[in-house]
Amino acid sequence: MRTRKFEFTKEKVQIDDELYATYHYNVEQRMYEEEFHGRQHVHENEVADLNIEAVFVMINGDYAEVRFNALTDEQLMYIESKLKY
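Conventions we followed
- Residues numbered from 1 in each chain as written.
- Predicted model: local features only at pLDDT ≥ 70, side-chain atom pairs only at ≥ 80, totals over all residues.
- Heavy atoms only, no water.
- Helix = DSSP H or I, 4+ residues; strand = E, 2+ residues; numbered from the N terminus.
- Contact = heavy atoms within 4.5 Å.
- Salt bridge = Lys/Arg side-chain N within 4 Å of Asp/Glu carboxyl O.
- Buried < 20%, exposed > 50% of the residue type's maximum accessible area, 1.4 Å probe, protein only.

**Q** Help me understand the environment of V47 in this model?
**A** Mapped onto the secondary structure, V47 falls in strand 3 (residues 39-59). For V47, the residues in contact, after removing those within four places along its chain, are Y25, N26, V27 and Y85.

Next comes the structure, spelled out in structure tokens:
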């Protein structure tokens, strides 16, 4: 089995109407061969190490950073659910 790891960073991605986030994550790709009606190459991708670096709200056309300690666990889970990989 061969494994590769890729790192991605997304800057100020729109989450909701006026809500944005900067975050990074890793994708681990595993590649191997499997015998199933002949030999097939299998690729599995897994997102790991998601880290939200900053959350912003848009106020009057400017980004205002939100302090993490001001966010509830539910708000952070909502933001994580909206992130695109």
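**Q** Would you mind going over the pattern of salt bridges with me for this structure?
**A** Two side chains of opposite charge can pair, provided their charged atoms sit close to one another. Inspection of the entire model under this criterion finds 4 salt bridges. Between E28 and R30 there is a salt bridge whose closest N-O contact spans 3.1 Å. For R30, a relative accessible area of 18% translates into the label buried. The partner of E46 in a salt bridge is R30, and the shortest N-O contact between them spans 3.2 Å. Of the two residues, E46 is situated in strand 3 and R30 in strand 2 (residues 19-35); the sequence distance between them amounts to 16 residues. Each of E28, R30, E44 and E46 takes part in a single network of salt bridges with overlapping partners.

The values reported here are purely geometric and, on their own, carry no functional implication.
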